[in-house]
Amino acid sequence: MLNFLTQNIKNKVINEYSLRIVVVLLIMVFIVCVFLISLFLPSFFMSIYKNSAVDDQYKMMLSNTKEDSINSIEIVKENNSLISVLSSGTQNISTSTSEFIEKIFLLKNQNIKISSISVSNKTNEVKIIIGGISKTRDGLTLFNKALKNSHYFDEIILPVVNLLKSTDIEFSITLIYKQK
């Protein structure tokens, strides 16, 4: 059928066909763009909202610090006085707390899991309370003997209640080191 048409009409048909293909492609690109924009709009609005919320919080923090601002020298003086009050009892003790804790961890065996250590410093003594779980009663008694044999602590208190169970024993041992 194409052969019966003149060359001029053949060119018009080819141009018309090309134009239709271009129009369909442009419509498809438009549809894809609209679809992608509809997917990105919620994220865009959410980021604008978060940005404004962060800006509001920042402005609020700036206004609070300007209103309640204290001279930084006063803050340092307060902190220094607090530190001196808290550390006044520890100046008489020659051994540091980290040495006590290191010694305890060196003496524990594989059956002992230490979950808490509480240290209280007084003028002439350090009191350490160790809390944890022992897999077996033998592991707990071995740990207690190791602490006593180390002669590092002056008094070791292991309540008998801790030895009632035979497995998975929650224990609390009190160690006292007296300054000499």
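In this report, the structure presented in the accompanying data block is examined. Keep in mind that what you see is a predicted model, and the values were worked out from it rather than measured. (Residues numbered from 1 in each chain as written. Predicted model: local features only at pLDDT ≥ 70, side-chain atom pairs only at ≥ 80, totals over all residues. Heavy atoms only, no water.)

### Points about the overall build of the protein
Next up, step 1: Across its full length, the protein carries four helices and four strands.
Next up, step 2: Listed by position from the N terminus, the elements making up the protein come as α-α-α-β-β-α-β-β.
Next up, step 3: For the protein, the proportion of contacts with a sequence separation of at least 24, taken over those separated by at least 6, is 61%.
Next up, step 4: As displayed, the protein has an accessible area near 13,900 Å², and 62% of this comes from carbon and sulfur atoms. (Helix = DSSP H or I, 4+ residues; strand = E, 2+ residues; numbered from the N terminus. Contact = heavy atoms within 4.5 Å. Areas by Shrake-Rupley, 256 points an atom, 1.4 Å probe, with all protein chains shown as cover.)

### Looking at the pairing of strand β4 (residues 167-178)
Next up, step 1: Pairing of strand β2 (residues 125-136) with β4, which is carried by eleven bridges, proceeds in the antiparallel orientation. Each bridged residue has a counterpart across the sheet, and for Gly-132 the counterpart in β4 is Phe-171.
Next up, step 2: Bridge count between strand β3 (residues 155-157) and β4: three bridges; the pairing is antiparallel. Along β4, the bridge assignment pairs Glu-155 with Ile-176. (Pairing = 2+ DSSP bridges.)

### Thoughts on the side chain of Asn-144
Next up, step 1: Structurally, Asn-144 is set in helix α4 (residues 137-149).
Next up, step 2: Once residues lying within four places of it in the same chain are set aside, the contact partners of Asn-144 are Ile-156 and Leu-158.

### Thoughts on the nonpolar core
Next up, step 1: With 18 residues, the main nonpolar core has Ile-104, Ile-128, Phe-153, Ile-173 and Leu-175 as its most contacted residues.
Next up, step 2: Contributions of two or more residues to this core are made by α3 (97-107), β1 (112-121), β2, α4 and β4.
Next up, step 3: Looking at this core, the element that brings in the most residues is β4, giving five residues.
Next up, step 4: When neighbours within four sequence positions are excluded, Leu-175 is seen to be in contact with Ile-104, Val-126, Lys-127, Ile-128, Ile-130, Leu-147, Phe-153, Glu-155 and Ile-156. (Core = buried A, V, L, I, M, F, W, Y, C linked by side-chain atoms within 4.5 Å. Buried < 20%, exposed > 50% of the residue type's maximum accessible area, 1.4 Å probe, protein only.)

### Considering the environment of Leu-147
Next up, step 1: Position of Leu-147 relative to the elements: it lies in helix α4.
Next up, step 2: Classification of Leu-147 by relative accessible area gives buried; the value is 0%.
Next up, step 3: When the C-alpha positions of Leu-147 and Leu-106 are compared, they lie 9.9 Å apart, and in sequence the two are 41 residues distant.
Next up, step 4: Excluding its chain neighbours within four sequence positions, the residues that come into contact with Leu-147 are Leu-107, Phe-153, Ile-156, Ile-173 and Leu-175.

### Quick notes on the environment of Lys-135
Next up, step 1: Residue position: Lys-135 is located in strand β2.
Next up, step 2: Linking Lys-135 and Glu-170, residues 35 residues apart in sequence, is a C-alpha distance of 9.0 Å.
Next up, step 3: In this structure Lys-135 touches Gln-110, Asn-111, Lys-113, Ser-166, Thr-167 and Asp-168, once residues within four positions along its chain are discounted.

### Section: the packing of aromatic side chains
Next up, step 1: Under the definition given, this model contains four aromatic pairs.
Next up, step 2: Here the aromatic rings of Tyr-152 and Phe-153 are separated by 5.3 Å at their centres, their planes lie at 90°, and the arrangement is edge-to-face.
Next up, step 3: Connected via pairs of aromatic rings, a cluster forms that spans Tyr-152, Phe-153 and Tyr-177.
Next up, step 4: Over the ring of Tyr-152 we find Lys-103, and its NZ or CZ is 5.5 Å from the ring centre. (Phe/Tyr/Trp six-rings, centres within 6.5 Å; stacked < 30°, edge-to-face > 60°. Lys NZ or Arg CZ within 6 Å of the ring centre and 35° of its normal.)

### Quick word on a nonpolar patch on the surface
Next up, step 1: On the surface, a cluster of nonpolar side chains totalling about 750 Å² of accessible area is made up of Leu-19, Val-23, Val-24, Ile-27, Met-28, Phe-30, Ile-31 and Val-34.
Next up, step 2: Judged by relative accessible area, Val-34 falls into the partly exposed class, the value being 42%. (Patch = residues over 30% accessible without salt bridge, like charges linked within 9 Å, V, L, I, M, F, W, Y side chains within 5 Å. Salt bridge = Lys/Arg side-chain N within 4 Å of Asp/Glu carboxyl O.)

### Notes on the sheet that holds β1
Next up, step 1: Read from one edge to the other, the open sheet built from four strands follows the order β1-β2-β4-β3, with strand pairing classed as antiparallel. Strand pairing shows two members of the sheet lacking a second neighbour, β1 and β3, which therefore form its edges. Neighbour-to-neighbour, the strand axes of the sheet open up by a mean angle of 20°, direction not taken into account.
Next up, step 2: Bridge count for β1 against β2 is nine bridges, and the pairing is antiparallel. Residue pairing for β2: Asn-121 is matched across the bridge by Val-126.
Next up, step 3: Strands β1, β2 and β4 of the sheet are contacted by α3, whose axis makes an angle of about 155° with β1.
Next up, step 4: α4 rests against β1, β2, β3 and β4 of the sheet, and its axis sits at about 10° to β4. (Axes fitted to C-alpha atoms, helices over the stretch in contact; angles between N-to-C directions.)

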